[in-house]
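# Understanding the architecture of this molecule
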Amino acid sequence: MARIRPRLAVWKFASCDGCQLSLLDCEDELLEIAGEVEIAHFLEATSASVEGPYDLSLVEGSVTTAHDAARIQEVRKQSRFLITIGACATAGGIQALRNFADVREYAAIVYARPDYIQTLATSTAISDHVKVDFELRGCPISTRQLVETISAFLAGRKPQTPPHSVCVECKIAGNLCVMVGHGTPCLGPVTHAGCGALCPSYNRGCYGCYGPMETPNTPSLSVWLSKLGMDEDALRRVYRTFNANADAFREESERHDR
Amino acid sequence: MIVKTIKVDQLARVEGEGALKVVARDGVVQSAELSIFEPPRFFEAFLRDRMYSEAPDITARICGICPVAYQMSAIHAMENALGVVVDGPLRDLRRLLYCGEWIESHTLHVYMLHAPDFLGYAGAIEMARDHADIVRRGLDLKKAGNAIIALLGGREIHPINVRVGGFYRAPRRRELQPLAEELKRARDGALATVRWTAGFDFPDVERDYEFVALRGDGEYPLNQGRIVSSRGLDIAAAEYDEHFEESHVEHSTALHAHLKARGAYLTGPLARYALNAASLSPIAREAAREAGLGSVCANPFRSIIVRAVEVLNACDEALRIIDQYEEPDRPAVDLEPRAGVGFAATEAPRGMLYHRYQLHADGKIADARIVPPTSQNQPSIEEDLKIFATAWLDLPDDALRHRCEQTIRNHDPCISCATHFLRLDVDRGG
């Protein structure tokens, strides 16, 4: 008798598609995953779609339209487990920069007919709208963490995604500290782990694409960054990128608003 | 009067969210709309007042499928504004990185998005049940492309090692050697892919496109070249705005680009091939000949073969670069901010990607303009639908709808780039 496999759905909101692409980037694991779960709804990969309910929903993207604000409620109702994948779904993404500006001005800059454009004034995380069972960080997420998260779900356990800072990952990798070693500004001390200290491994300062770690000391880091020559404007911009609307980064960027 | 409407509310196997609506009256297609309803994200607005150095990482987030294309167009446009030319090994490394993205993105489209249309599957995972070895070959090929991006860029999606002026860290020669082994296998897989796709059944159709692509100096175009067309256009990227314009239509959050003089045009694999076939590597040229492509391919359904040829060419080019690579003295050249305007067009896997930036004296962005390939191709995609669907109106709805969806997928539209993607809506009035 055929085994009943858990049903997986992948949903897209405002995003670049990169995090759902991470699933297709698991070249070595994809067919195995497809054997363990029934891929019931994944428009980017297949035109076959099975009606809900779903056991596991992976949600990419942020909420930026009234239609999407209603749609996420439906997705939640259809999903036993809902996991957000990436910075857009978890913190609002780069498009949350509108939250600090006037979206009507933004529309007028990009579109000849801003009246054709229907959009909300803000870009918000999925957890601002519905209960989220687990959040996977990163812009984009790591394929390793994605496979771990799906495996953990199948085994009925909590995913192992360490909450410490990127600094710890640098120590594990044996990297020279880019701030201490060559005075390069780095968000590693306040940024959630998961990338494996990628930027410092390439002689670059971390730019915070995994968002804030738990209880980050951003005011202290800002003092160090200003000693390295960053002015108020640069400090505001450095926190205001792909996780601009995550609480800790938003509050710190606002402290440096002119 | 018999009115027939065919609709697809959510297009599958495309990147982003879109829909399709075709309306026919008395057996003639009156209108064909590719609606892009992906919500706008306003990149050109929030790029203002960011530093020139931030543009590569920010614009990468327009598209998770082709972030390297955005990074490349951004760095070239910024270097143009700052009056800097990056050459030698750094230029080669950029070409190598771009080859990685072409291999990864094209293979994704060939195996996972497009081939299932020809073989009658809903997607690659379904296809793998009957053709496991073929899907495995596609995944291995895609992985080879990703391996280049991961090594050179740090990770496959939104690489972190690209900067205006060069890289943060240049690879050592010995780091690239293991890639060469993987790429030799990938080149065999790419050749097998050309032969596999050449055997598909294609509708016997042709279109009279104006092809637009970059033309490199004796090399197949990636990062640089003049913008040329099959009807005599030959301009520098800085002249793009004089010859092309964008309009905003109500059914789409993407802007539509046109040639001011002649209207719709096509960019992407068919255009690059038609304008640059002589610059393919010998192995890719021979594979194209064997696949029966001729010097121009004007059947958009056969674009899958051209993509496979371009993957083969990219594997070969990547191997050439790795073989000849000499480590640069420094990973990046020095830059001084200054006021100015910079232009660049590069070849994203799915077509030409144009960036223009105006900078303040302190290096902050005063104005940004980005024209992605899908905005440029959208008018031609709609013309394809209008012309082809007329011949297919007698097909049953499901078959007609499928053909229309396939017509769109032929061009590998990226709706996240063009803003967002697709519903099919066929109105035949019956």
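Cut-off values and rules
Residues numbered from 1 in each chain as written. Chains lettered and ligands numbered in written order. Predicted model: local features only at pLDDT ≥ 70, side-chain atom pairs only at ≥ 80, totals over all residues. Heavy atoms only, no water. Pairing = 2+ DSSP bridges. Helix = DSSP H or I, 4+ residues; strand = E, 2+ residues; numbered from the N terminus. Axes fitted to C-alpha atoms, helices over the stretch in contact; angles between N-to-C directions. Domains from an automatic or database assignment. Contact = heavy atoms within 4.5 Å. Buried area = accessible area lost by both parts, 1.4 Å probe. Salt bridge = Lys/Arg side-chain N within 4 Å of Asp/Glu carboxyl O. Phe/Tyr/Trp six-rings, centres within 6.5 Å; stacked < 30°, edge-to-face > 60°. Buried < 20%, exposed > 50% of the residue type's maximum accessible area, 1.4 Å probe, protein only. Lys NZ or Arg CZ within 6 Å of the ring centre and 35° of its normal. Expected span 1.5 Å × (residues − 1). Core = buried A, V, L, I, M, F, W, Y, C linked by side-chain atoms within 4.5 Å. 1 Å grid on protein atoms, 1.4 Å probe; cavity = no way out; pocket = protein on both sides within 12 Å on 5 of 7 lines; lining within 4 Å. Points joined across faces, edges and corners; volume = space filled by probe spheres on them. Nonpolar A, V, L, I, M, F, W, Y, C, P; charged D, E, K, R; others polar. Polar contact = N/O pair within 3.5 Å; in protein donor to acceptor, adjacent residues only side chain to side chain. Parallel < 35°, antiparallel > 145°, perpendicular 65-115°, else oblique. Left-handed = near helix turned anticlockwise from the far one by under 90°.

The next subject is the sheet that holds strand β13 (residues 365-371) of chain B. All names here are of chain B. In spatial order, the strands read β11-β12-β13; together these 3 strands make up an open sheet with antiparallel pairing. Unpaired on one side and paired on the other, β11 (340-348) and β13 mark the two borders of the sheet. If you compare each strand with its neighbour and ignore which way they point, the axes differ by 10 degrees on average. Where strand β12 (residues 351-359) meets β13, 6 bridges bridge the pair, whose relative direction is antiparallel. Pairing of Tyr357 across the sheet is with Ala368, part of β13.

The next thing to look at is the domain arrangement of chain A. Size of an interface, as often reported, equals the accessible area lost when the parts are brought together. All names here are of chain A. Segmentation of chain A into domains returns domain 1 (7-155) and domain 2 (166-255). A C-alpha centroid distance of 25 Å is found between domain 1 and domain 2. With 17 residues of domain 1 at the contact, the number on the domain 2 side is 17 residues. A buried area of about 1,300 Å², summed over both sides, lies between domain 1 and domain 2, and 56% of it is on carbon and sulfur atoms. Considering only the side of domain 1, the residues that lose the most area to domain 2 are Phe100, Arg137 and Cys139, jointly responsible for 44% of the buried surface there. On inspection of domain 1 and its partner domain 2, the count reaches 0 salt bridges.

Scanning the entire structure with this criterion turns up 20 aromatic pairs over all chains. On the numbers, 5.3 Å between centres and 25 degrees between planes, the contact of Phe118 of chain B with Phe200 of chain B is stacked. With Phe118 of chain B in helix α4 (residues 89-119) and Phe200 of chain B in the loop between α7 (173-198) and β6 (212-215), the pair connects residues that are 82 residues apart, well separated along the chain. Like Phe200 of chain B, Phe118 of chain B is buried. Among the aromatic residues, those joined into a cluster by ring pairs are Tyr111, Phe118, Trp196, Phe200 and Phe202 of chain B. Here the basic side chain of Arg71 of chain A rests over the ring of Phe13 of chain A, its NZ or CZ set 3.9 Å away from the ring centre. Here the guanidinium or amino end of Arg61 of chain B rests over the ring plane of Phe242 of chain A, the centre of that ring lying 3.8 Å away.

Helix length check: helix α13 (residues 397-409) of chain B (13 residues) gives 18 Å between terminal C-alpha atoms against 18 Å at 1.5 Å per residue, within 8%. Among all positions of α13 of chain B, only Leu400, Cys404, Glu405, Gln406, Thr407, Ile408 and Arg409 of chain B are buried.

Formed by 176 residues in total, the largest nonpolar core has its most connected members in Leu23 and Leu58 of chain A together with Phe42, Leu96, Met112 and Tyr357 of chain B. Counting residues per element, this core draws most heavily on α4 of chain B, at 15 residues. The residues that make up this core include at least three from each of domain 1 (7-155) and domain 2 (166-255) of chain A. Once you skip the residues sitting within four places of it in the chain, Leu58 of chain A turns out to touch Leu8, Ala9, Val10, Trp11, Leu23, Ile83, Ile85, Leu146 and Ile150 of chain A.

Taken as a whole, this structure holds 52 salt bridges over all chains when the rule is applied. Between Lys364 of chain B and Asp233 of chain A there is a salt bridge, with the nearest N and O atoms lying 2.6 Å from each other. Taken as a pair, Lys364 of chain B in the loop between β12 and β13 and Asp233 of chain A in helix α11 (residues 232-239) lie in two separate chains rather than in one. For Lys364 of chain B, a relative accessible area of 14% puts it in the buried group. Its relative accessible area of 9% is what places Asp233 of chain A among the buried residues. The salt bridge partner of Glu327 of chain B is Arg172 of chain B, with a shortest N-O separation of 3.0 Å. Here Glu327 of chain B, found in the loop between α11 (303-324) and β11, pairs with Arg172 of chain B, found in the loop between β5 (166-167) and α7; they are 155 residues apart in sequence, far enough to count as distant. Here Arg172 of chain B falls in the partly exposed class, since its relative accessible area comes to 40%. When salt bridges with common partners are traced through the structure, they connect Asp233, Arg236, Arg237, Arg240 and Asp257 of chain A together with Arg50, Glu54 and Lys364 of chain B into a single cluster.

Let us now look at empty space enclosed by the protein. Empty space among the atoms can be located by rolling a probe the size of a water molecule over them. Residues and elements named next belong to chain A. A full pass over the atoms with the stated rule returns 8 cavities of 30 Å³ or more. Size it by volume and the second largest cavity reaches roughly 120 Å³. Contributing elements (two or more residues each) for the lining of the second largest cavity: α1 (18-24) and α4 (87-91). In terms of residue count, α4 provides more of the lining of the second largest cavity than any other element does, 3 residues in total. Looking at the lining of the second largest cavity residue by residue, the classes come out as 10 nonpolar, 7 polar and 4 charged.

Further remarks concern the interface of chain A and chain B. Taken together, the contact between chain A and chain B spans 57 residues of the former and 66 residues of the latter. Interface area for chain A against chain B, summed over the two sides, is near 5,400 Å², with a carbon-plus-sulfur share of 62%. Here chain A is connected to chain B by 7 salt bridges. Between Arg136 of chain B and Asp28 of chain A there is a salt bridge whose closest N-O contact spans 3.7 Å. Linking chain A to chain B there are 27 residue pairs in polar contact (both at pLDDT 80 or more). The set of elements that each furnish at least two residues to the side of chain A that touches chain B consists of α1, α2 (30-36), α3 (66-78), α5 (103-110), α9 (198-201) and α11 of chain A. Looking at which element gives the most residues to the side of chain A that touches chain B, the answer is α5 of chain A, with 5 residues. Classifying every residue of the side of chain A that touches chain B by side-chain character gives 31 nonpolar, 12 polar and 14 charged.

All names here are of chain B. Between α4 and α13, whose axes approach to 10 Å, the crossing angle comes to 150 degrees. In this view, α4 runs roughly antiparallel relative to α13, as classed from their interaxial angle. When you trace α4 past α13, the crossing you get is left-handed. Residues His109, Leu113, His114, Asp117 and Phe118 of α4 touch α13, and the partners they reach there are His402, Gln406 and Arg409.

With that settled, the discussion passes to the layout of surface pockets. Quantified by volume, the largest pocket comes out at close to 1,000 Å³. What lines the largest pocket is a set of 35 residues, among which Arg204 of chain A together with Ser53, Glu54, Arg163 and Tyr168 of chain B lie closest to the centre. Contributing elements (two or more residues each) for the lining of the largest pocket: α11 of chain A together with α2 (55-60) of chain B. The element best represented in the lining of the largest pocket is α11 of chain A, accounting for 3 residues.

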